[in-house]
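If you want the building blocks of each chain, they are given just below.
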Amino acid sequence: MAPGYVLGNLVKEIKRLEMQAGLFGPLSREALVKADIKKGMRCIDIGCGSGSVTRMMSDIVGRSGRVVGVDIDEKYLEYCRSVSTQSNVEFVRDNISNSNLDSIGSFDIVFSRFLFVHLRDKSKAVRSMKRLLKRGGAMVLQELDHSVGSWLCYPDDKNVEALRKVYVALLKKSGGDPLAGRKLYKLLVEESLNTSVDCYSPCLLMGHEPYSSLGWRIMESLRPQIMRLGLLNTRQYAEMHRNLKQLAKSRVAYVTYARFFSAIGRT
Ligand SMILES: C[S@@+](CC[C@H](N)C(=O)[O-])C[C@H]1O[C@@H](n2cnc3c(N)ncnc32)[C@H](O)[C@@H]1O
């Protein structure tokens, strides 16, 4: 696990990632299509987590292509290997902040989703990723931006903003950047890539499983760090968790899932 990585690697977190991947899968597929992903291509997914985009790319590039999923945490890689049935995929351990991937070859698509908020030095990571790009290839970066008001809940529920604040505090304490989403465009332009960017804000409808549960589930993944740093005491944690579970049952409420930035940089 990356030192201080706030979401950990519990079985529950892997389940949350798979659930979240269902919500964002269409936006990742759309970006990959825009980046001209094709059969036979070589692709790499940095910070692959449970591997949902790695598997998506593997289906698209087919048997004549090759996809590498990369993660710093062996526990995620073990999970990916255990669920992956495709023969054109492999999973490799690397820390993109201090990368050793230079001998792995070059790729038509270098992809990463939900990694950049966790990184101390985003420019260094982008430079390492650029070294993996083939001439004519594309880098696709997707990340959230957790600014004040971006977790909009209507009708208002104070637990949602309280959870955003806890998450933002944890990201900052671990050296990450809760506002990384908005910075993707600049990061790619600064690497002289021909860049485009889009921004979305998906709505989680409360009362509609499974996505209504993403709030209390992320709180469970954050629990060890919340307790370690004393951001909430046990009673406060239990009360907020209970309230978020209650909100998830509302028939009328929705919560916007921050802002989701999707940037494509071409060589
Ligand atoms: C929030 S998860 C996102 C997983 C996946 N990309 C997705 O969209 O579902 C972030 C992943 O990045 C990995 N990670 C964190 N820091 C990393 C680093 N420095 N190098 C490589 N992977 C890292 C974590 O272990 C975790 O699996």
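What you see as residue numbers is a count from 1 along each chain, following the sequence as written. In keeping with the model being predicted, local features are shown solely for residues with a pLDDT of at least 70 and side-chain atom pairs are shown and tallied solely at 80 or more, while totals for entire chains, interfaces and linings include all residues. By convention in this description, side-chain values take in all heavy atoms of the structure and omit both hydrogens and water.

### Topic: the site of the ligand
The environment of the ligand is formed by 19 residues, the closest being Gly47, Asp71, Asn95, Ile96 and Arg113. Counted as a polar contact is a pair of N or O atoms within 3.5 Å, where, for protein atoms, one must be capable of donating a hydrogen and the other of accepting one, and residues adjacent in sequence contribute only when both atoms are in side chains. Residue Asp71 places a side-chain N or O atom 2.6 Å away from an oxygen atom belonging to the ligand. Take Arg113: an N or O atom from its side chain is 2.7 Å from an oxygen atom of the ligand. Accessible surface area values rest on a Shrake-Rupley calculation with a 1.4 Å probe, where residue burial reflects the displayed protein chains alone. For the ligand, the accessible surface in isolation is 600 Å², of which the surrounding protein chains cover 98%. Of the residues belonging to the shell around the ligand, the class tally is eleven nonpolar, four polar and four charged. A single heavy atom is enough: if one lies within 4 Å of a molecule or strand, its residue is considered near that molecule or strand. By the convention adopted, Pro, Cys, Tyr, Trp, Phe, Met, Ile, Leu, Val and Ala count as nonpolar, Lys, Arg, Asp and Glu as charged, and the other residues, Gly among them, as polar.

### Looking at the sheet that holds strand β8 (residues 203-205)
In short, DSSP must find at least two bridges between two strands for them to pair. In DSSP terms, a helix is any run of H or I states spanning at least four residues, a strand is any run of E spanning at least two, and both are numbered starting from the N terminus. Taken together, the three strands give an open sheet; going across it, the order is β6-β9-β8, and neighbouring strands pair in antiparallel fashion. The open sheet terminates on both sides in strands that have one partner only, identified here as β6 (153-154) and β8. The sheet contact formed by β6 and strand β9 (residues 254-256) spans two bridges and is antiparallel. When the bridges of β9 are listed, Cys153 appears paired with Val255.

### Section: the packing of helix α1 (residues 11-34) against helix α7 (residues 214-228)
Put simply, α1 and α7 touch, their axes get as near as 9 Å, and they point 145 degrees apart. As for the relative orientation of α1 and α7, their crossing is left-handed in sense. Facing α1, whose interface residues are Lys12, Glu13, Lys15, Arg16, Met19, Gln20 and Leu23, α7 presents Leu214, Arg217, Ile218, Glu220 and Ser221. Of the residues assigned to the contact of α1 with α7, the class counts are four nonpolar, two polar and six charged. As a rule, the C-alpha atoms of each element are fitted with a line to give its axis, helices using only the stretch in contact, and angles between N-to-C directions run from 0 to 180 degrees. Handedness of each helix crossing follows the sense of rotation of the near helix against the far helix: counterclockwise by less than a right angle gives left-handed, clockwise gives right-handed. By the convention used here, residues are in contact when the closest approach between their heavy atoms is within 4.5 Å.

### Details of α7
The span you would expect from a helix comes to 1.5 Å times its residue count less one. Taking 1.5 Å of rise per residue, the 15 residues of α7 would be expected to cover 21 Å, and the 22 Å separating its terminal C-alpha atoms lies within 8% of that figure. The principal kink in α7, of about 55 degrees, is found at Leu222, preceding the proline Pro224 by one to four residues. Buried residues belonging to α7 abut α1, α5 (158-173), β8 and α8 (234-247). Once α7 ends, the next one or two residues include Gly230, with phi positive near 65 degrees. Given a residue, its bend is the angle between the two axes fitted to the seven residues that end at it and to the seven that start from it.

### Focus on the nonpolar core
The criterion is simple. A nonpolar core is a set of buried Ala, Val, Leu, Ile, Met, Phe, Trp, Tyr and Cys residues joined through side-chain atoms within 4.5 Å. Burial status follows relative accessibility: with a 1.4 Å probe on protein chains alone, a residue under 20% of its type maximum counts as buried, one over 50% as exposed, and anything between as partly exposed. One finds Ile44, Ile46, Val110, Phe116, Met139 and Tyr167 to be the most contacted residues of the largest nonpolar core, which totals 66 residues. Those residues in contact with Tyr167 that sit more than four places away from it in its chain are Val6, Leu7, Val117, His118, His146, Trp151, Ile218 and Leu222. Core analysis: the next-biggest nonpolar cluster, separate from the first, contains 17 residues, Ala31, Ala35, Met41 and Cys43 among them.

### Side note on the pattern of salt bridges
The salt bridge definition used is simple: a Lys or Arg side-chain nitrogen within 4 Å of an Asp or Glu carboxyl oxygen. In the structure shown here, the tally under the stated rule is 15 salt bridges. Notably, a salt bridge pairs Arg131 with Asp102, separated by 3.4 Å at the nearest N-O pair. With Arg131 in the loop between α4 (122-130) and β5 (133-145) and Asp102 in the loop between β3 (89-93) and β4 (107-113), the pair connects residues that are 29 residues apart, well separated along the chain. The salt bridge involving Asp108 is made with Lys134; its shortest N-O contact spans 3.3 Å. Taken together, the positions of Asp108 in strand β4 and Lys134 in strand β5 put the pair 26 residues apart, joining distant regions of the chain. By sharing partners, the salt bridges in this structure join Lys122, Asp177 and Lys183 into a single network.

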